[in-house]
Amino acid sequence: MSKAYDAVIVGSGPNGLAAAVRLAQEKLSVLVLEGAKTIGGGVRSAELTLPGFTHDICSAIHPLALGSPFLRQLPLEKHGLHWIHPDFPLAHPLPGGTAAVLHRSIETTAADLGPDADAYKKVFSHLVSHWDELACEFLQPLLHWPRHPWLLARFGLKALHSSSSLASSRFRAEPARALFAGLAAHSFLRLEERPSAAFGLVLGALGHSVGWPLPKGGSQCITEALAALLRSLGGEIKTNTHIEHLDEVPLARATLFDVTPRQFLKIAGDRLPTSYRERLQKFRYGPGIFKIDYALSSPIPWKAGACKRAGTVHVCGTWEEVAFSERAIFAGKPPERPFVLLAQPTLFDPTRAPAGKHIAWAYCHVPNGSTFDMTERIDAQIERFAPGFRDCILARHRMNTTHMEQHNPNLVGGDINGGLADLRQLIARPILSSTPYRTPLPGIYLCSSSTPPGGGVHGMCGFHAAQAALKQILHKS
Ligand SMILES: Cc1cc2nc3c(=O)[nH]c(=O)nc-3n(C[C@H](O)[C@H](O)[C@H](O)COP(=O)(O)OP(=O)(O)OC[C@H]3O[C@@H](n4cnc5c(N)ncnc54)[C@H](O)[C@@H]3O)c2cc1C
């Protein structure tokens, strides 16, 4: 490692790779150092259960990748990435055997929502028709001069609510309320907490504007495409290189860390000014997750037909049940009837399992650091809406919060978003600044999902960190 590089990136998650690609696009020499033996961080696939069954260890469904202003302009399809769109992005089964469905079309979605059809259109239409401009506004630090202030203000008026206040003021019937609850619960916040509505609005709008696609062959294909693009631009990647301290990083004009504040404190804490160190020490992590990957003998026998055509299924039931489950986590209890996020890739991508067999990807939220075994509770929730599900299970692979963190040190206590995304930490992530990627150390940046815009596979944290590096260091003089 004696060669000098313009930029070194520590960590090869989607943000690390996006940062590396952006810097390599400017013809800089770039090296990515990855601690694990495989690249990709939260975007990797593997045969977790049985031979021939390819499971996504972390991310599975990628509206944010397709909606990302940076990733979507990269020629990733030329490097093997192929997006598959399920018939329906999302279904949410309800007690009684029916389901609320998020279709690609707002009109079709609304038409199914009976008394809430007009309200649904009112909530989402404006957002969807201005998605491109809005995505650029909120997929960056909130502290910035907006290019579309009126659009952003109109979105903010709705988004800064809790999902419970938005839903109770707009929707009357269970299907629309439950559908919105499931979308908003991706926030890892209580539904009564602000700004959980923002997550519901963004994920719903993404479903209508770009869809909730999955990559053919598994999420690893996103990573491989980014890595291939990086190499085609001259970038290098080295695995099995876990960085413990700043001194181990080869000298470079810019070093970007795809790690969370707790790890950065270990790596560079002794060099950081006290005030910055104290701010990072106060950074808060969110709830963790418990995940099960299933190998199945047949598709899941959902009672509601719509669930058999959806890529993602939100399994919990009514608005109140989702709210109850998410409240339990903040009371420190693993929920009795968890809100289960489930993806069923093989309904649309048969390459992921042997002929006629299937996989399912499911997780639920649990308190940070919880090691409680949620297997029975997750199985029971699915069985409740798909009687006979247990009979289809050939094998399970389970991960609690400890396994998650062992798999990837960024998943602190099982937090998959790089830190709690409440109002405070959406604005100050990890510090209050228009360039929170910069650290007080010259040429050293943070580029992980602990920076804006936060969790998800969009690469925008890496993109903005690379822009900051290009501006401050590489284009100086
Ligand atoms: C179970 C699960 C399900 C998810 N589902 C989805 C989904 O369906 N859709 C979606 O959009 N998002 C999903 N996410 C979130 C998404 O995966 C993350 O937000 C995203 O991967 C964050 O990217 P990142 O680059 O910031 O960090 P990561 O992807 O976590 O990558 C960080 C990388 O840095 C490496 N690293 C850390 N410390 C060091 C060190 N000291 N030295 C060297 N290397 C180091 C790690 O090994 C890792 O490879 C999911 C996450 C999980 C865990």
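Just so you know, these numbers come straight off a predicted model, no measurement behind them.

**Student:** Residues and numbers for the overall build of the protein chain, please.
**Tutor:** Scanning the protein chain for helices and strands turns up 17 helices and 16 strands. Within the protein chain, the proportion of its 477 residues that are buried is 62%. Put simply, 74% of the contacts in the protein chain that link residues at least 6 apart link residues at least 24 apart. In the form shown here, the protein chain has an accessible surface area of approximately 17900 Å², with 54% of it arising from carbon and sulfur atoms. The centroid of the 48 positive side-chain charges in the protein chain is displaced by 4 Å from the centroid of its 39 negative side-chain charges.

**Student:** With reference to specific residues and values, describe the site of the ligand.
**Tutor:** In the region of the ligand, 38 residues are neighbours, and Glu34, Gly42, Ile61, Asn408 and Gly456 sit closest. At a separation of 2.6 Å, an oxygen atom of the ligand approaches a polar side-chain atom of glutamate 34. Backbone polar atom of valine 457 to an oxygen atom of the ligand: 2.9 Å apart, as the coordinates give it. The protein chains hide 95% of the 1000 Å² of surface that the ligand would expose on its own. Mapped by element, the contributors of at least two residues to the shell around the ligand are helix 1 (14-25), helix 11 (261-268) and strand 11 (288-296). In terms of residue count, the dominant contributor to the shell around the ligand is helix 1 (three residues). Of the residues that constitute the shell around the ligand, the class distribution is 17 nonpolar, 18 polar and three charged.

**Student:** Residue-level account of the nonpolar core, with values.
**Tutor:** Nonpolar side chains in soluble globular proteins tend to end up buried together. Residues Leu23, Tyr120, Phe124, Leu201 and Leu256 are the most contacted members of the largest nonpolar core, which totals 109 residues. Ignoring sequence-local partners within four residues, the contact set of leucine 201 consists of Val123, Phe124, Leu127, Phe155, Lys158, Ala159, Leu166 and Phe180. Formed by 28 residues, the second largest nonpolar core is a distinct cluster that contains Val101, Tyr294, Val315 and Ala386.

**Student:** A description of a nonpolar patch on the surface should follow, citing residues and the corresponding values.
**Tutor:** A cluster of nonpolar side chains, Leu142, Leu143, Ile427 and Leu432, forms an exposed patch at the surface whose accessible area comes to about 330 Å². Mapping leucine 432 onto the fold places it in the loop between helix 16 (423-427) and strand 16 (444-446). Leucine 432 sits in the exposed class, given a relative accessible area of 52%.

**Student:** So, the pairing of strand 2 (residues 30-33): which residues are in play, and what are the values?
**Tutor:** Residues Val30 and Val32 line one face of strand 2 and the alternating positions Leu31 and Leu33 line the opposite face, and both faces are buried. One ladder, built from four bridges, connects strand 1 (residues 5-10) with strand 2; its direction is parallel. Bridging from a neighbouring strand, valine 10 pairs with leucine 33 of strand 2. At this point the chain moves from strand 1, through helix 1, to the parallel strand 2, and the crossover so formed is right-handed. Of the strand pairs in this sheet, strand 2 and strand 9 (residues 236-238) are connected by three bridges, and their pairing is parallel. Bridging from a neighbouring strand, leucine 31 pairs with glutamate 236 of strand 9.

**Student:** Quick rundown of unusual backbone geometry? Include the residues and the values.
**Tutor:** A cis amide bond, omega -5°, links arginine 194 with the succeeding residue proline 195. Take proline 195: it is sitting in the loop between helix 8 (174-184) and helix 9 (196-209). The linkage connecting proline 452 with the following residue, proline 453, adopts the cis geometry, with an omega of 5°. When you line up the elements, proline 453 lands in the loop between strand 16 and helix 17 (460-474). Its identity is not glycine, yet phenylalanine 188 carries a phi of approximately 60°, on the positive side. Phi at asparagine 240 is positive, roughly 55°, even though this residue is not glycine. Within the secondary structure, asparagine 240 sits in the loop between strand 9 and strand 10 (252-257).

**Student:** Describe the sheet that holds strand 10, with residues and values.
**Tutor:** Read across the sheet, five strands follow the order 9-2-1-10-16 without closing on themselves; strand pairing throughout is parallel. Each end of this open sheet is capped by a strand with a single partner; those strands are strand 9 and strand 16. The mean inter-strand angle of the sheet, taken between neighbouring strand axes irrespective of direction, is 20°.

**Student:** Outline the packing of aromatic side chains, listing residues and values.
**Tutor:** Applying the stated criterion across every chain yields a total of 10 aromatic pairs. By way of ring pairs, the aromatic residues Tyr120, Phe124, Phe171 and Phe180 are connected into one cluster.

**Student:** Which residues make up the sheet that holds strand 15 (residues 393-399), and what values go with them?
**Tutor:** Ordered by their spatial adjacency, seven strands build an open sheet running 7-6-12-13-14-11-15, and the pairing between neighbours is mixed. This sheet does not close on itself; its edge strands, each paired only once, are strand 7 (99-102) and strand 15. Across the sheet, the mean angle from the axis of one strand to that of its neighbour is 20°, orientation sign disregarded. Sheet topology places strand 11 next to strand 15; six bridges connect them, and they run antiparallel. Each residue of the ladder has a partner; that of isoleucine 292, found in strand 15, is arginine 398.

Cut-off values and rules
- Residues numbered from 1 in each chain as written.
- Predicted model: local features only at pLDDT ≥ 70, side-chain atom pairs only at ≥ 80, totals over all residues.
- Heavy atoms only, no water.
- Helix = DSSP H or I, 4+ residues; strand = E, 2+ residues; numbered from the N terminus.
- Buried < 20%, exposed > 50% of the residue type's maximum accessible area, 1.4 Å probe, protein only.
- Contact = heavy atoms within 4.5 Å.
- Areas by Shrake-Rupley, 256 points an atom, 1.4 Å probe, with all protein chains shown as cover.
- Lys, Arg positive; Asp, Glu negative; His and termini not counted.
- Charge placed at Lys NZ, Arg CZ, Asp CG, Glu CD.
- Near = heavy atom within 4 Å.
- Polar contact = N/O pair within 3.5 Å; in protein donor to acceptor, adjacent residues only side chain to side chain.
- Nonpolar A, V, L, I, M, F, W, Y, C, P; charged D, E, K, R; others polar.
- Core = buried A, V, L, I, M, F, W, Y, C linked by side-chain atoms within 4.5 Å.
- Patch = residues over 30% accessible without salt bridge, like charges linked within 9 Å, V, L, I, M, F, W, Y side chains within 5 Å.
- Salt bridge = Lys/Arg side-chain N within 4 Å of Asp/Glu carboxyl O.
- Pairing = 2+ DSSP bridges.
- Right-handed = clockwise from strand over helix to strand, strands pointing away.
- Axes fitted to C-alpha atoms, helices over the stretch in contact; angles between N-to-C directions.
- Phe/Tyr/Trp six-rings, centres within 6.5 Å; stacked < 30°, edge-to-face > 60°.

So far we have only geometry, and geometry alone does not tell us how the molecule works.
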